[in-house]
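A look at the structure
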Amino acid sequence: MAGLENWDQLTPRQRAVFFCCDGLKSNAKLASQKTQAIGICGQDIFDRYYLDNGNEARIKAAYDKRDPRLKQTIVTPYEPVDCFTAGLNGNENMIGKQLRWPLYLQGTSGGDFWLDKRTSAYYCYRKYVRFLKGELIDRQRCYTDFPLIRYTDVILQWAEALIELNEFTPAKNLIDQVRARAHIPGITIGDLDAMREAVRYERRVEFPVEAVNFFDEVRWGTYKETKSPGLRRGGVRAPEPAEEPADSPEDRQPEAKPFHIMVVEDTPDLREFLVKNFEETYGVLSAKNGAEALAILEKQACDLIISDALMPEMDGFDLLMKVRNDEMLCHIPFILLSVVDSVDSKIKGLEYGADVYIEKPFSLGYVKATVESLLENRKRAFRHFASRPGFQYEKDDMGRNDRQWLDKLTGIVRENLTCETLSVDLLTEKMALSRSSLQQKLKGLTGVSPNEYIQLVRLKTAAQLLRSGEYRISEVCYLTGFSSMSWFAKCFTKQFGMRPKDFIRQNQDGKSSG
């Protein structure tokens, strides 16, 4: 839970330390409550995690950070609740109480909210509770949102099925439909494990007091892992295959082309020749002059342009100049082909911003090698940028205008890391771009989608905060907008190749050795 250190690593009994009232160490009148707390969570856990002044504020802050649907469903600790007590004359007296454990104050006027006559407090399920004069708290007498739950159940099970079929976009739309009802931003599409975790999270918060939660955890094989942290998935340990099974021919899907290039050439035979020789490896767009190329680029993205220098209507030099002066296109590598073999022509092409100038007639092998080299350099820059905690590209990896554009976008994300409104829609609004334009530009610069970039900024910011040594892992998790310590640790490890605590240790060792 965000804000509670090592929550995911503690057992349910050990977590009780976070729910203790203030003053157990300093107030002698609370000696019995202190003994009760230590008996449950253990002396070591109590000494390490209990805050004599601020324990209640910490758990309240953590609950305020939780999914708002949980607050609608249960009476959470340290949240005021109106109760009624029956008077001797039959009248009802409303008393403001709050739920916490261990019980701190007892009595009928204010104090703690409890559900029996001993010293135990339990969660009270808000959806089944209605306090009215003369009525018992009874499921048959209280309102429920049963039809809504069932509808949500169907929607989320549908999303689960789509995820197992690798149909992530329609699954995301169904999950977002459920989240929209609670006014929560949509999810980010991830890999199979991330999408499974996303739909499971939705079911856990939508049905926190329903029997379906138990059966969900059982069928997912996560019951023991969820209820008893540190244990493997429920039941028998699943064998891990030594290698991926080979697909049968009928199961194989055609691979998506990793890059798209554009061929701009006014000679039909040469244009067709280039398209034919590149289309097996890349997605290929083609145009007969610069004007037609710009019209296509307004609608479709490409990763590299090969253009003839001399063409009617708009030649290659003019096309190159317009591409380099367009904020949304200036990052695209540009190869200029020309029959003019002169130093002045080459200088002109390089001054306009061409990455490579190749004379005609050319060697097809050389052109292919040049394309592959430029795209591989871009991929290497993407990987280098993503794997490092910092936000700076190497100087040669990106032009000044592109760095300024990306710095602006990164600043917007970092300013809104803890905001629920952080989404692609917020970025498009702040950057004054359409979703498609933002997608094309960001994909061309970093190799990732806007949602993936938001996640990347969260993780890079987390790495910087951890490196500073000023924050605990739980605090960094909260400051970067992650709702779960376990999910934060999983994402961090996947991005940087080590767990957050190992990252901290590595940086501490580096400082001491330096």
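As a reminder, the structure under discussion sits directly above these lines.
Residues numbered from 1 in each chain as written. Predicted model: local features only at pLDDT ≥ 70, side-chain atom pairs only at ≥ 80, totals over all residues. Heavy atoms only, no water.

1. Considering the pattern of salt bridges
Tallied over the entire structure, the rule returns 15 salt bridges. Across the pair E164 and R196 runs a salt bridge, and its minimum N-O distance is 2.8 Å. Of this pair, E164 sits in helix α5 (residues 146-164) while R196 sits in helix α7 (residues 192-206), and the two are 32 residues apart along the sequence. Judged by its relative accessible area of 25%, R196 is partly exposed. Here E292 and K288 are joined by a salt bridge, their closest N and O atoms 2.7 Å apart. Owing to a relative accessible area of 27%, E292 belongs among the partly exposed residues under this scheme. A relative accessible area of 43% means that K288 is categorised as partly exposed. Taken together, the salt bridges that share partners define one network made up of E265, D308 and K360. (Salt bridge = Lys/Arg side-chain N within 4 Å of Asp/Glu carboxyl O. Helix = DSSP H or I, 4+ residues; strand = E, 2+ residues; numbered from the N terminus. Buried < 20%, exposed > 50% of the residue type's maximum accessible area, 1.4 Å probe, protein only.)

2. With respect to α7
For α7, built from 15 residues, the straight-helix expectation of 21 Å at 1.5 Å per residue is met to within 8% by its first-to-last C-alpha distance of 21 Å. What α7 keeps buried is the set A194, M195, A198, V199, R200, E202, R203, V205 and E206. (Expected span 1.5 Å × (residues − 1).)

3. So, unusual backbone geometry
Here the amide bond leading from K360 into P361 is cis, since omega sits at -5 degrees, within 30 degrees of zero. Its place among the elements puts P361 in the loop between β9 (356-359) and α14 (364-387). One non-glycine residue, E313, lies in positive phi territory at about 70 degrees. Tracing the backbone through its elements, the reader meets E313 in the loop between β7 (304-308) and α12 (316-325). With phi around 55 degrees, A432 is a residue other than glycine that occupies positive phi space.

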